Structures are given as C-alpha cells and as structure tokens.
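# Remarks on the overall topology
The primary structure of each chain is shown beneath.
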Amino acid sequence: MQLIPRHDPYLAVRSTGGVTVAALRGELDLVLVRHLRPELDALVRESDALTVDIRRLTFCDATGLGLLAQCAGGTRRRGARWRLLCDQPRILRLIRLTGLAEVLCPESDPVGVPPFAGEEGPAAALPAVGALHWDPVGPGPYRPGASRPLP
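Residues numbered from 1 in each chain as written. Predicted model: local features only at pLDDT ≥ 70, side-chain atom pairs only at ≥ 80, totals over all residues. Heavy atoms only, no water.

Buried residues dominate strand β3 (residues 49–60), accounting for 9 of its 12 residues. For strand β2 (residues 19–28) and β3, the ladder comprises 8 bridges, and the chain directions are parallel. Note that in β3 the partner of L28 across the bridge is C60. Note that the unit made of β2, helix α1 (residues 30–46) and β3 has a crossover that is right-handed. With 5 bridges connecting them, β3 and strand β4 (residues 81–85) associate as parallel partners. From the neighbouring strand, L50 faces β4, where its bridge partner is W82. Note on the crossover from β3 through helix α2 (residues 62–77) to β4: the handedness is right-handed. (Buried < 20%, exposed > 50% of the residue type's maximum accessible area, 1.4 Å probe, protein only. Helix = DSSP H or I, 4+ residues; strand = E, 2+ residues; numbered from the N terminus. Pairing = 2+ DSSP bridges. Right-handed = clockwise from strand over helix to strand, strands pointing away.)

See below:
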C-alpha cells in the first residue's frame, strides 16, 4: 500500500510490514469525523491489517464511535485484521455502555504495533494542537479560549 505523506494534525498514518497504523488525535466528534472519514474509508479498503490508535483522543461522541464501528466492520468484511488501541477510561466506558465492545474490541497494550520512525509510538508522531470545538452560535469551529464576536 502506497501512502502519500500529508500534514494532518489529527491523523498520522504509517504502513510497515503489511500493518497500517492510523493514530488519531483531538476530539472525535461530528466535525472531525467529517474530516477523517474519507481517509479512514480508504485505509479500510486498502489495508490488510488496520490498527487504529485512539489513545491520544481527548473526547469521542456517538458520531466518532459510529465511524470506528464502520471501520471495524468494513475491515473485517474484507477479511483484514482489525485492532483498536484505547486506554482512555471515559472512551472505554462509552464503548462498553453502547454495546460496541465486541465490535470494536479495544486493547490498551500496543504490543506488536511498530512505532513511527524516530518516535516512541504511533501517537507520538502527531503534533500538539488545540482541539477544535463546534460553536452552535458562531459560524464554525473555534479554539477554546479564542475570542468570538458577540451575536
């Protein structure tokens, strides 16, 4: 699988030895799902073994869980291997409460997941960024603490 390098603060992808690792960062909500869906769909179609590392997510809502469940199902339907790395107690609880534990099969131990070159792990390759939040009264995403015009 040939991956084209791109600069995305929310997604780092690397493929080595038949294993593709996609490390996500930020808040996996409606805004980020819309941004990531095309790339993750392509990885599901092309990967023989897909590991999605969500250990650096700070938040995940139902839309984010839906995207992960879609990726897990699509990967397995193709006969490829699926792994989800997650050590976030709140996200693990959400997975359990929604009944998606058997679909997503979250693991907290990254054994067998090769790190990115020069990094300690796949999530370490992602740059530090402030998470985007959706402002229901404003025109679009904003960063927490940023000033917004009054309505």
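Next, the rest of the story.
Spatial ordering of the open sheet is given by β1-β2-β3-β4-β5, a layout of 5 strands whose pairing is mixed. Edge positions in the sheet fall to β1 (11–16) and β5 (106–107), since each of these pairs with one other strand and no more. Taken strand by strand, α2 contacts β2, β3 and β4, and its axis lies near 155 degrees from that of β4. Its contacts with the sheet place helix α3 (residues 89–97) against β3, β4 and β5, and it is angled at close to 110 degrees to β3. (Contact = heavy atoms within 4.5 Å. Axes fitted to C-alpha atoms, helices over the stretch in contact; angles between N-to-C directions.)

At C105, a position not held by glycine, the phi torsion is positive, near 50 degrees. By relative accessible area, which is 36% here, C105 ends up partly exposed.

A few words now on α2. Look at α2: 22 Å from first C-alpha to last across 16 residues, which is about the 22 Å you get at 1.5 Å a residue. The set of residues buried in α2 consists of G64, L65, L67, L68, A69, C71, A72, G73, G74 and T75. Packing partners of the buried residues in α2 comprise β2, α1, β3, β4, α3 and α4 (101–104). For α2, the N-terminal capping position is held by D61, with its side-chain oxygen 3.0 Å away from the main-chain nitrogen of T63. Trailing α2 by a residue or two, G79 shows a phi angle of about 85 degrees, which is positive. (Expected span 1.5 Å × (residues − 1). Polar contact = N/O pair within 3.5 Å; in protein donor to acceptor, adjacent residues only side chain to side chain.)

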